[in-house]
Amino acid sequence: MQILESKYNNHIRKEKIKISNDTIDFIGINIDIETEKYCVKTYYAPISCLKYSPNMTNKILSYTTKNEMNRFFWIVRDEIRIREYIALKNRTNRNMSRLYELLEQYSYIKKNISEIKRMSEMKFTDKSNNKYASLYILGIKGEKEEMIINFEWFTRKCPDPDDAGYMYKYDDIYFLDYLDKIDIHEYNILSKMARKLLSIYNLHLWCFASDYFPDMNVKHKIYFKGELENISFKEICEVTGNNVKESIINELDGFKKYHNELKLYGFAFCMDSNGKFSINSYYRLKQGVLLND
């Protein structure tokens, strides 16, 4: 557990705000299975982001601001930079259609706009004026030519598209069936893993997400949440047939067991266009814990 533990401790020491469950939404740990590289992130809680003025300046942000589509800005700090996300509201058909047109200014988005729109048409709500409402978060990572654009789609059904926490219902099979019909190679592989996990453990889909890179690479991700306290990463990988090195599994499970102040909230299986597989995990601080007092 030495590599991960060292990365984690260094990251926490560099954090400039007090780390508690009031200020931090998640602590994320990503592991690239092929290179065995870990990345630690802090996801600031929405209340910590309310007074934040984003560094990004582009037509997308100008448009979402003008049309009152910014529910809040969500900030994530990794080892290199601050990543900025927009949690979207007011996702009417007109607003979203124009947003897609603006996103097509980036060639790597234009190339994939058809699949992005189809993903966004998953039935998130019954309201006819919100057919793209499953697209809930838009992430901007980097600047200009180096900008990575992240799309996150919620996998639940809600009566109010602007209040995803109100009377929502899970419908995991619907969303996986929908995903399979889009027929994206990497998602097809991840979907099979997801079905195995959901058939055995008390888990639900959390969301689908895709990162689009300027070099035309795409990373697709399926997120899970649920009762994870008594499930090990070893069991998860065995169920899904992932050939993950024992050293990596031992680090992930050792971290989960050692850090009693954290609770594993969810995780994601990820695969990019080059077939590279990675695992993301997301922890929440337990009530009353303050890490860097």
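For the structure itself, look to the data block above.
Residues numbered from 1 in each chain as written. Predicted model: local features only at pLDDT ≥ 70, side-chain atom pairs only at ≥ 80, totals over all residues. Heavy atoms only, no water.

## Quick notes on the packing of aromatic side chains
Logical step 1: Counted under the stated rule, the structure contains 29 aromatic pairs.
Logical step 2: Ring centres of F224 and F267 lie 5.1 Å apart, and the angle between their planes is 25 degrees; on these two criteria the pair is classed as stacked. Of the two residues, F224 is situated in strand β8 (residues 218–226) and F267 in strand β9 (residues 262–272); the sequence distance between them amounts to 43 residues. Side by side, F224 and F267 carry an identical accessibility label, which is buried.
Logical step 3: Ring pairs connect the aromatic residues F26, Y43, W74, Y85, W206, Y223, Y265 and Y282, which therefore count as one cluster.
Logical step 4: Positioned above the aromatic ring of F154 is the side chain of R156, whose terminal nitrogen or guanidinium carbon lies 4.7 Å from the ring centre.
Logical step 5: Residue placement shows R156 over the ring face of Y168; its charged tip is 4.4 Å from the ring centre. (Phe/Tyr/Trp six-rings, centres within 6.5 Å; stacked < 30°, edge-to-face > 60°. Helix = DSSP H or I, 4+ residues; strand = E, 2+ residues; numbered from the N terminus. Buried < 20%, exposed > 50% of the residue type's maximum accessible area, 1.4 Å probe, protein only. Lys NZ or Arg CZ within 6 Å of the ring centre and 35° of its normal.)

## Side note on the side chain of H220
Logical step 1: Looking at the element boundaries, H220 is found in strand β8.
Logical step 2: Ignoring any residue separated from it by four or fewer positions in sequence, one finds H220 in contact with E115, I184, E186, Y187, L190, A209, S210, Y212, F269, C270 and M271. (Contact = heavy atoms within 4.5 Å.)

## Observations regarding the sheet that holds strand β5 (residues 135–141)
Logical step 1: Reading around the circumference, β1-β2-β3-β4-β5-β6-β7-β8-β9-β10 is the order of the 10 strands in this closed barrel, with antiparallel pairing throughout. Mean inter-strand twist for the sheet, computed between neighbouring axes without regard to direction, equals 25 degrees.
Logical step 2: As judged from the 9 bridges shared by strand β7 (residues 203–212) and β8, these two strands associate in the antiparallel manner. Within β8, the residue paired with L205 across the bridge is F224.
Logical step 3: Packed onto the sheet, helix α4 (residues 93–103) meets β4 (82–88), β5 and β6 (148–154) and runs at close to 25 degrees relative to β5. (Pairing = 2+ DSSP bridges. Axes fitted to C-alpha atoms, helices over the stretch in contact; angles between N-to-C directions.)

## Description of the pairing of strand β10 (residues 277–285)
Logical step 1: Counting buried residues along β10, 8 of its 9 residues qualify, which places the element largely inside the surrounding structure.
Logical step 2: The sheet contact formed by strand β1 (residues 24–32) and β10 spans 6 bridges and is antiparallel. Its bridge partner being in β10, D32 is matched across the sheet by S278.
Logical step 3: In terms of strand pairing, β9 meets β10 through 9 bridges, oriented antiparallel. Bridging from a neighbouring strand, A268 pairs with N280 of β10.

## Concerning the nonpolar core
Logical step 1: Ranked by size, the top nonpolar core spans 82 residues in total, and within it I109, F151, W153, F208, I222 and F269 carry the most contacts.
Logical step 2: If one sorts the elements of this core by residue count, helix α8 (residues 185–200) sits on top with 6 residues.
Logical step 3: Apart from residues lying up to four places away in sequence, W153 is in contact with I116, M119, S120, M122, S134, L135, Y187, C207, F208, A209, S210 and Y212. (Core = buried A, V, L, I, M, F, W, Y, C linked by side-chain atoms within 4.5 Å.)

## Quick word on the pairing of β4
A regular strand places its side chains so that they alternate between the two faces of the sheet.
Logical step 1: Burial runs high along β4: 6 of the 7 residues are buried.
Logical step 2: Pairing analysis gives 7 bridges linking strand β3 (residues 70–77) to β4, with the strands arranged antiparallel. Of the residues in β4, the one forming a bridge with V76 is R83.
Logical step 3: Count of turn residues in the β3/β4 antiparallel hairpin: 4 residues.
Logical step 4: Pairing geometry for β4 and β5, over 4 bridges, is antiparallel. Bridge pairing in β5 places Y85 opposite G139.

## Some points on the environment of S107
Logical step 1: Mapped onto the elements, S107 comes out in helix α5 (residues 107–110).
Logical step 2: For the pair S107 and G275, spaced 168 residues apart in sequence, the C-alpha to C-alpha distance is 22 Å.

## Thoughts on the packing of helix α3 (residues 59–66) against α4
Helix-helix packing is described using two parameters, namely the angle between the two axes and the distance between the axes.
Logical step 1: α4 packs onto α3 with a crossing angle of 170 degrees between their chain directions and a minimal axis gap of 10 Å. On the basis of their axis angle, the class for α3 and α4 is roughly antiparallel. Crossing angle aside, the handedness with which α3 passes α4 is right-handed. Facing α3, whose interface residues are K59, I60, Y63 and T64, α4 presents R94, N95, R98, L99, L102 and L103.
Logical step 2: A per-class count over the contact of α3 with α4 returns 5 nonpolar, 2 polar and 3 charged. (Parallel < 35°, antiparallel > 145°, perpendicular 65-115°, else oblique. Left-handed = near helix turned anticlockwise from the far one by under 90°. Nonpolar A, V, L, I, M, F, W, Y, C, P; charged D, E, K, R; others polar.)

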